[in-house]
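Understanding the architecture of this molecule
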Amino acid sequence: MDKNISIDHKLIEYIFSHTSNLHPIQKELIKYNESLGHINRLQISILQANFLQFLIKSRKINKCLEVGTFTGYSTLTMALSLNKNGKIHTIDKDKEKNIIAKSFFKKANVSKKIRTEVSNGNDALTKLIKNKNKYDLILIDADKENYINYFNKSLKLLKKNGLLIVDNVLWKGEVTNDNAKDKLTQKIKNFNLYVKKSKIKKYILPIGDGFYICWK
Ligand SMILES: C[S@@+](CC[C@H](N)C(=O)[O-])C[C@H]1O[C@@H](n2cnc3c(N)ncnc32)[C@H](O)[C@@H]1O
């Protein structure tokens, strides 16, 4: 077996106390999401966000694409790490949440780096492929039913050394629960099997709800 410690709340607090501070608008957005109640769980975790920022800075990533804006935490996080010419195109079908997300982007002074699109993820990706767009980093964090479609379309949108990151692939640990028969767990398990069988290079990073990290 591999050697990994389990991370409890005390360790998370310790990690945060030894990590660079969040941007004030990231903190404000986290608080806002908490005020929404249980849908707060839709936001990526702070550890995942820190990791995305590290990737963007260390790989000099310039052009990002995201499916699943929600209230904008992952988008804001990425935008804060992009250099001044960097851009993110983020897609979500939820018009109301998009207005909220845009208000946080404005407050953090990153609106110029972000193009939000309110539409269906599949249609939007098809259009981007048709227009021959290419990205350094693609984050998929939307409806699990479409994960295989998003994966296949994203492969056509990735630059040569680009990274494709897919959230929720450990599904709160349910992927190893043989008794879990619900539709979404099955969708995630099918998706993971599909990625496993594909030729793309990949590994699963066990932070938040699990990031599948893929590259050509
Ligand atoms: C898990 S949340 C995204 C969280 C966000 N990345 C963050 O960290 O705050 C998933 C989002 O996907 C959006 N979504 C669901 N189905 C979609 C579809 N077919 N097309 C576009 N967006 C969709 C939902 O409206 C929701 O805002």
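Up top is the structure.
A brief structural summary.

What counts and what doesn't
Residues numbered from 1 in each chain as written. Predicted model: local features only at pLDDT ≥ 70, side-chain atom pairs only at ≥ 80, totals over all residues. Core = buried A, V, L, I, M, F, W, Y, C linked by C-beta atoms within 7 Å. Buried ≥ 20, exposed ≤ 12 C-beta atoms within 10 Å, placed from the backbone. Contact = placed C-beta atoms within 7 Å. Helix = DSSP H or I, 4+ residues; strand = E, 2+ residues; numbered from the N terminus. Near = placed C-beta within 6 Å. Nonpolar A, V, L, I, M, F, W, Y, C, P; charged D, E, K, R; others polar. Pairing = 2+ DSSP bridges. Right-handed = clockwise from strand over helix to strand, strands pointing away. Axes fitted to C-alpha atoms, helices over the stretch in contact; angles between N-to-C directions. Expected span 1.5 Å × (residues − 1). Arc of directions from axis to C-beta.

In this section: the nonpolar core. One finds L76 and L137 to be the most contacted residues of the largest nonpolar core, which totals 49 residues. Contacts of L76, omitting those with residues within four sequence positions, involve I25, Q26, L29, F104, F105, A108 and V110.

This part is about the environment of L125. Here L125 lies in helix α6 (residues 121–130). Judged by the 25 C-beta atoms lying within 10 Å of it, L125 falls in the buried class. L125 sits 58 residues away from V67 along the chain, and the two C-alpha atoms are 8.8 Å apart. The contacts of L125, once residues within four sequence positions are left out, are Y150, K153 and L157.

Close to the ligand lie 20 residues, the nearest being G68, F70, S74, G121 and D143. Within the residue set of the shell around the ligand, elements represented by two or more residues are α4 (73–81) and β2 (87–92). For the shell around the ligand, the per-class residue count stands at seven nonpolar, seven polar and six charged.

Okay, unusual backbone geometry next. The phi dihedral of N168 is positive, around 70°, even though this residue is not glycine. Summarising the element assignment, N168 is placed in the loop between β5 (158–166) and α8 (183–197). By the C-beta count within 10 Å, which is 23 here, N168 ends up buried. The backbone of W171 sits at a positive phi, close to 45°, despite the residue not being glycine. You can see W171 is positioned in the loop between β5 and α8.

Right, let's talk about the pairing of β2 for a bit. Among the six residues that make up β2, five are buried, leaving the element largely enclosed by the rest of the structure. Taken together, the five bridges between strand β1 (residues 63–67) and β2 define a ladder with parallel strand orientation. When the bridges of β2 are listed, V67 appears paired with I91. In this fold, the crossover linking β1 to β2 by way of α4 has right-handed handedness. Here β2 pairs with strand β3 (residues 114–118) via five bridges, running parallel. Pairing of T90 across the sheet is with T116, part of β3. Between the parallel elements β2 and β3, the chain passes through helix α5 (residues 95–107) in a crossover that is right-handed.

Right, let's get into the sheet that holds strand β7 (residues 211–215). Adjacent strands of a sheet form backbone hydrogen bonds with each other and so pair up, either parallel or antiparallel. The mixed open sheet is built from seven strands, whose spatial order is β3-β2-β1-β4-β5-β7-β6. Strand pairing shows two members of the sheet lacking a second neighbour, β3 and β6 (201–205), which therefore form its edges. Neighbour to neighbour, the strand axes of the sheet diverge by 15° on average, direction disregarded. Along the sheet face, α4 touches β1, β2, β3 and β4 (135–140) and points at about 175° away from the line of β2.

With that settled, the discussion passes to α5. For α5, spanning 13 residues, the distance from its first C-alpha to its last is 19 Å, which sits close to the expected 18 Å at 1.5 Å a residue. Taken as a whole, α5 has its buried residues at N98, A101, F104 and F105. One face of α5 carries all of its buried residues, which in axial projection span an arc of 120°. Opposite the buried face of α5, at more than 90 degrees from it, the exposed residues are K95, E96, I99 and K106. Lining the buried residues of α5 we find α2 (24–35), α4, β2 and β3. Once α5 finishes, N109 follows within two positions and takes phi at roughly 65°, a positive value.

Note that T71 resides in the loop between β1 and α4. When the C-alpha atoms of T71 and N161 are compared, they prove to be 29 Å apart, with 90 residues separating the residues in sequence. Once residues within four sequence positions are removed from consideration, T71 is found in contact with L29, Y32, N33, K97, I100 and A101.

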